[in-house]
Amino acid sequence: MLRLAFMASFFLVVAGLLSVGLVSWFRTRALRHGATPQARDPPHTTSFSTSSATFLAALAGITAIAWGASSWAEHLIEAVPLVVVGTFIAVAGSVARVNGIGADEAGLAVRFARRAPFHPPWSALRELVPPASPLGGWRMTAVPGARCTLMPSDLFDHEELLETIVVRAVLQFDGGIWRKEPAATSGEGRMAPGISLGKR
């Protein structure tokens, strides 16, 4: 019974992650396809703490460990990968959990629970790669090689930040990826075509 309870808990948490991902996937549809209507200026400053949805990844790992531990005696082949993978997810989800994001005219700041922040100026941010699925994240690359991925739970109810990033970093849609214009040297360049900064 305990094993079934932990199994159900794990799938419930995964369902929560999928739900958040699907909502974010819908809200960012236009940006993932290269444009949204009615361009206007981005806010000078944006800052927010992330929602409780950012705890879901670590919680999925914890419930996987509990599922595996409860299966150890009778289902060892099932238990070992659950404990190993669950531990990795729980640790990664705790250390790399995004707890706050800010953006102003100078650059972007992504704050993590137990990691150094990702804080590039707009001129250094080179790419924003949309996710391939609702459970994927938006991958950013900045010179000289710094990288950061924002998951749907990090952006939940603040998806308009992605449009601010596109506008401030002067990115253009190219082959499914938002890239820096070759001539762009400043984070205060012109508005990317067709971007709207309103919430959807």
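Rules used in this analysis
- Residues numbered from 1 in each chain as written.
- Predicted model: local features only at pLDDT ≥ 70, side-chain atom pairs only at ≥ 80, totals over all residues.
- Heavy atoms only, no water.
- Helix = DSSP H or I, 4+ residues; strand = E, 2+ residues; numbered from the N terminus.
- Contact = heavy atoms within 4.5 Å.
- Phe/Tyr/Trp six-rings, centres within 6.5 Å; stacked < 30°, edge-to-face > 60°.
- Buried < 20%, exposed > 50% of the residue type's maximum accessible area, 1.4 Å probe, protein only.
- Lys NZ or Arg CZ within 6 Å of the ring centre and 35° of its normal.
- Patch = residues over 30% accessible without salt bridge, like charges linked within 9 Å, V, L, I, M, F, W, Y side chains within 5 Å.
- Areas by Shrake-Rupley, 256 points an atom, 1.4 Å probe, with all protein chains shown as cover.
- Salt bridge = Lys/Arg side-chain N within 4 Å of Asp/Glu carboxyl O.
- Pairing = 2+ DSSP bridges.
- Axes fitted to C-alpha atoms, helices over the stretch in contact; angles between N-to-C directions.

Student: Sorry, what's going on with the side chain of Thr-46 here?
Tutor: By secondary structure assignment, the location of Thr-46 is in strand β1 (residues 46–49). What Thr-46 contacts, discounting residues up to four positions off in sequence, is Ile-101, Gly-102 and Ala-103.

Student: It is not clear to me how the packing of aromatic side chains should be interpreted in this structure. Could you clarify?
Tutor: Aromatic ring pairs are reported here in terms of the distance separating the ring centres and the angle at which the planes meet. Enumeration over the complete set of coordinates arrives at four aromatic pairs. Centroid distance Phe-10 to Phe-11: 5.3 Å. Interplanar angle 75°. Geometry classified as edge-to-face. A residue is classified by how much of its surface remains accessible, and Phe-11, at 47% relative accessible area, is partly exposed. Ring centres 5.6 Å apart and planes at 50° place the aromatic pair Phe-10 and Trp-67 in the tilted group. Taken together, the residues Phe-10 in helix α1 (residues 2–27) and Trp-67 in helix α3 (residues 56–71) connect sequence positions 57 residues apart. Of the two residues, Phe-10 and Trp-67, neither departs from the other in class, the shared state being buried. Of the aromatic side chains, those joined through ring pairs into one cluster are Phe-10, Phe-11 and Trp-67. Positioned above the aromatic ring of Phe-112, the side-chain terminus of Arg-115 is 4.1 Å from the ring centre.

Student: Is there a simple way to think about a nonpolar patch on the surface in this case?
Tutor: Among the surface-exposed residues, Trp-72, Leu-76, Val-80, Val-84, Val-85, Phe-88 and Ile-89 lie close enough to one another that they form a single nonpolar patch of about 660 Å² accessible area. Relative to the helices and strands, Phe-88 is located in helix α4 (residues 76–95).

Student: I tried to follow the sheet that holds strand β4 (residues 125–129) on my own but got confused; where do I start?
Tutor: Sheet strands line up and pair through hydrogen bonds in the backbone, either parallel or antiparallel. Judged by pairing direction, the sheet is antiparallel, and its five strands sit side by side in the order β6-β5-β4-β8-β7 without closing on themselves. Whereas interior strands pair on both sides, the edge strands pair on one side only; in this sheet they are β6 (146–150) and β7 (171–174). Ignoring strand direction, the axes of neighbouring strands in this sheet form an average angle of 20°. Across five bridges, the pairing between strand β5 (residues 138–142) and β6 is antiparallel. Bridge assignment links Trp-138 to a residue of β6, and that residue is Leu-150. Sheet strands touched by helix α6 (residues 160–168): β4, β5, β6, β7 and β8 (177–180). Its angle to β4, the strand with the most contacts, is close to 140°.

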